[in-house]
Amino acid sequence: MEIKIKEIHQKLLARNKEANLEEIEQAYSYFKNALNFFAGNEELTNLISLLLDYKKSSSVSTLLNFEENKYNDEDYVSISILSGDWPGLADSCTGLIHHLGFNIHYVRGMIIPFENENLGYVIIVLRFADKQEYGHFQELKPRIIHILQYISIGMKSKEKILSSGNYKLFLLNDLIRIIQTEISSWNEDLKRRITKEIELFIMSRSTAYLQERSPETIAEQILINFSFHEKTKATHGKIQVRIKDIDSQQQPLSNITIAGYAGQISLDSCLDSIRKTIPDMIIKYNKDFTSPEGIIIIQVEMVHQNESLLSEVEKEELINQLQNLSRRKRLYDVFSMDGKGGIENELRIIIPALVKEYQRSSTPQVLIDLKRETDLLLEFRLMVVNDTEEDNQSISAKLISIIQASRGVQIKTIVPPRIIGNVEVTIFDLEALKDAFSSHEDIYEHLKQQLTETIGKFRDFDEGMRRRDISNLKLLVKSPEFAGYSEEQIKQIYFNLDDFYRAGAFFEEITAQTKFCLDTLKEARASGKNTLVKGICTYRFLANQTKIPLSSIIAVFLAKDRAELLPKWIEIFPSTEVTMSKIPFGLEVVYLFRLTKEKKALEDNAFENLITEIEKAIT
């Protein structure tokens with residue numbers, strides 16, 4: 001040892017490093033115990049032993065060796081790993097040790113050309129602070145061996161998972177361990193496919209999402225997803241639904257899983273059905289994935305507004321709604337007969353409703369509307385209606401400044417501010433990075449906080465509509481006019497009326513439309529007709545019983561939906577303001593047309609002519 005110290009001393013002097021033998025000896029003492037695992041024949045013998053075992057076994061892809069020693073009354077363990085070389089080998093193995101809370105005293109790795117391949121060799125030395133820590137290691141040793149054998153095998157998906165952080169890699173192993181106990185009787189092809197599903201699931205979820213749920217909960221979700229995918233294929237598209245309460249670090253959640261062919265269902269249609277069945281829902285998380293076979297798996301996690309879980313009755317009703325769901329484009333969304341769509345419809349329909357509410361309450365109005373979701377992003381449309389600032393500084397300018405300085409949210413597009421009287425209308429398209437937030441609600445709360453800093457107290461228009469919906473629905477159900485009709489039928493009609501129409505319409509008109517739709521359906525069924533067209537005028541009664549006409553309503557009953565009629569109907573209403581709603585009742589459907597001209601009900605002759613034209617179009 002003295003000769004080695006002197007050799008080091010001479011080399012340091014050659015590098016112009018001033019150090020005496022005592023300083024070198026002290027520095028050497030810090031790691032000399034670790035070198036016992038690397039010095040000379042011990043390491044060489046260990047490595048050759050692993051190489052010989054590797055050559056003998058064609059089925060083993062990873063070999064491990066554990067050596068335990070004691071120096072100066074301290075316990076040391078060396079772990080040698082031999083596997084196919086790949087970029088994440090050393091990081092994966094050392095990351096596991098750190099993840100389990102142990103101290104790495106020394107680590108070294110090398111690439112060994114071996115016959116027709118390159119092998120990776122990593123040796124890790126652990127030093128334990130006390131007997132308790134050493135005992136803890138002995139308890140975990142079987143698990144460490146199991147995990148190292150898996151994570152040291154290289155594959156592209158692991159490289160991607162590793163790049164997202166070691167947590168996902170360790171979770172990957174935990175999930176495989178949990179799921180293997182459930183699939184021991186599966187054939188090899190199914191086992192291979194479920195392993196791929198585990199990797200895809202982890203890669204498509206944020207670390208925050210995964211950390212908030214136990215590995216057992218995540219494993220169960222993966223198995224349900226896989227099972228539903230196979231059942232959908234086996235049943236030629238029968239929609240699969242499961243609702244189960246789960247725990248997360250934030251709170252308990254009602255977890256909904258839906259599967260079917262992408263031509264039958266969509267995330268939007270499922271969320272729409274959930275909203276109609278559970279009006280006061282708060283969506284905490286949603287995700288959809290479509291397989292190469294065209295099967296879509298949808299996951300939704302939610303609670304009531306009071307943070308309570310779904311009751312068993314609500315779960316049963318929701319399962320029934322989702323199992324009978326067929327994909328349909330929301331023709332009953334704001335329907336513009338002039339052919340314009342997108343933001344033009346919003347400017348024509350939504351903005352007036354926001355402005356009207358602002359003028360009524362003098363409270364700034366805000367709508368945060370989720371437009372699209374990808375694996376990485378949520379895209380929102382933000383609309384703000386407020387009084388113009390006295391200092392002439394635009395609300396848009398203030399919002400741009402505060403949003404650009406925030407974390408995880410960026411501005412995608414800006415619509416130039418519109419001034420309507422003394423009201424300023426601001427519209428932004430925003431992108432929120434999902435990994436920067438723990439949940440969808442976290443993103444909403446972040447945006448609301450920024451808005452509060454800019455415009456002070458405001459009204460969340462979407463939340464206001466939900467509350468109004470709940471209130472209106474309760475009144476409708478209790479109304480004597482609906483005696484004999486089921487609550488579900490009333491919900492079916494009410495929630496298929498346009499959202500923003502409901503927000504601004506008189507309750508008398510909503511009541512009249514709902515009753516008219518039910519009466520039309522009842523009459524058509526009683527008569528056995530395949531088609532039926534009827535019309536009414538809706539009114540509002542003042543305190544002195546003066547009757548004010550609000551709109552003209554046409555109901556069209558079809559025993560089976562006929563999409564080819566839409567172009568014909570568009571031609572019938574060239575100069576009339578129209579909002580169309582489509583209310584499905586199984587295979588039957590009722591279309592409701594709300595018609596006005598210059599914001600008034602139509603003249604009798606014009607109204608009767610339109611009814612005649614519609615009857616001709618469906619014959």
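Residues numbered from 1 in each chain as written. Predicted model: local features only at pLDDT ≥ 70, side-chain atom pairs only at ≥ 80, totals over all residues. Heavy atoms only, no water.

Enquirer: Whenever I open this one, the nonpolar core confuses me. Can you help?
Expert: Buried together is how nonpolar side chains tend to be arranged in soluble globular proteins. Formed by 25 residues in total, the largest nonpolar core has its most connected members in I510, C517, F585, V590 and L592. Elements supplying a minimum of two residues to this core: α17 (461–478), α18 (487–494), α20 (507–527), β15 (547–558), β16 (577–585) and β17 (588–596). It is α20 that provides the largest number of residues to this core, a total of 6 residues. Contact partners of F585, with chain neighbours within four places excluded, come to Q492, I493, C517, L521, R525 and V590. Membership of the second largest hydrophobic core comes to 23 residues, among which are L64, V77, I97 and Y134. (Core = buried A, V, L, I, M, F, W, Y, C linked by side-chain atoms within 4.5 Å. Buried < 20%, exposed > 50% of the residue type's maximum accessible area, 1.4 Å probe, protein only. Helix = DSSP H or I, 4+ residues; strand = E, 2+ residues; numbered from the N terminus. Contact = heavy atoms within 4.5 Å.)

Enquirer: Can you walk me through the sheet that holds strand β14 (residues 531–541) in this structure?
Expert: The strands that make up a sheet are held in pairs by hydrogen bonds between backbone atoms, and each pair lies either parallel or antiparallel. With antiparallel pairing, 4 strands are arranged side by side in an open sheet as β14-β15-β17-β16. The open sheet is flanked by β14 and β16, the only strands paired with a single partner. With direction set aside, neighbouring strand axes in the sheet form an average angle of 20°. Sheet topology note: the β14/β15 ladder contains 11 bridges and is antiparallel. Paired with T538 across the strands is S551, a residue of β15. (Pairing = 2+ DSSP bridges. Axes fitted to C-alpha atoms, helices over the stretch in contact; angles between N-to-C directions.)

Enquirer: Quick question: what am I supposed to make of unusual backbone geometry here?
Expert: Both trends apply: most residues other than glycine have a negative phi, and most peptide bonds are in trans. Positioned with a positive phi, E307 is a non-glycine residue whose angle comes to about 75°. For E307, the position within the fold is in the loop between β8 (295–304) and α13 (312–323). Residue class for E307 comes out partly exposed when judged on its relative accessible area of 38%. Located in the positive-phi region is S362, a residue other than glycine, with phi close to 60°. Tracing the backbone through its elements, the reader meets S362 in the loop between α14 (343–361) and β9 (365–373). For S362, a relative accessible area of 57% corresponds to the exposed category.

Enquirer: When you look at the pairing of strand β4 (residues 117–127) in this model, what are you seeing that I'm missing?
Expert: Moving residue by residue along a regular strand, the side chains alternate between the two faces of the sheet. Where burial is concerned, most of β4 is hidden: 8 out of the 11 residues are buried. Note: strand β3 (residues 104–114) against β4, 10 bridges, orientation antiparallel. Bridge assignment links P113 to a residue of β4, and that residue is N118. Hairpin connection, β3 to β4: the antiparallel pair is bridged by 2 residues, and E115 has positive phi, about 55°.

Enquirer: Help me understand empty space enclosed by the protein, please; the structure alone is not making it clear to me.
Expert: Any space left empty among the atoms is revealed by the rolling of a water-sized probe across them. Per the stated rule, a full pass over the model turns up 2 cavities of 30 Å³ or more. By volume, the largest cavity amounts to about 70 Å³. Counting residues per element, the ones that place at least two in the lining of the largest cavity are α11 (215–234), β5 (240–246) and β8. For the lining of the largest cavity, the class distribution of residues is 4 nonpolar, 4 polar and 4 charged. In this structure, the second largest cavity encloses a volume near 40 Å³. Considering the residues around the second largest cavity, the lining is formed by L497, D498, Y501, Q513, T579, S581, L592 and R594. Per-class residue counts for the lining of the second largest cavity are 3 nonpolar, 3 polar and 2 charged. (1 Å grid on protein atoms, 1.4 Å probe; cavity = no way out; pocket = protein on both sides within 12 Å on 5 of 7 lines; lining within 4 Å. Points joined across faces, edges and corners; volume = space filled by probe spheres on them. Nonpolar A, V, L, I, M, F, W, Y, C, P; charged D, E, K, R; others polar.)

Enquirer: Would you explain the confidence of the model for the chain in this entry?
Expert: Do not read the predicted coordinates in detail wherever pLDDT is low. Looking at the chain as a whole, its pLDDT mean stands at 79, while 84% of the residues score no less than 70. At the level of individual helices and strands, the chain shows its lowest average pLDDT in helix α7 (residues 156–163), which scores 49, and its highest in β5, which scores 95. Confidence over residues 326–345 falls short of pLDDT 50; this stretch has 47 contacts with residues more than four positions distant or in other chains. (pLDDT = per-residue confidence, 0-100.)

Enquirer: Hey, could you run me through the pairing of strand β12 (residues 423–433) in this one?
Expert: Counting buried residues along β12, 10 of its 11 residues qualify, which places the element largely inside the surrounding structure. In the sheet, strand β10 (residues 377–387) pairs with β12 via 11 bridges, with the strands oriented antiparallel. Paired with R381 across the strands is D429, a residue of β12. Here strand β11 (residues 409–420) pairs with β12 via 9 bridges, running antiparallel.

Enquirer: Looking at this structure, how should I read the sheet that holds strand β7 (residues 281–290)?
Expert: A sheet is described by the order of its strands in space; here 4 strands give the open sequence β5-β6-β8-β7, paired in antiparallel fashion. The open sheet has two free edges, formed respectively by β5 and β7, since each of these has just one partner strand. The mean inter-strand angle of the sheet, taken between neighbouring strand axes irrespective of direction, is 15°. Relative to β8, β7 runs antiparallel, the two being bridged by 9 bridges. Bridging across to β8, I283 finds its partner in M302.

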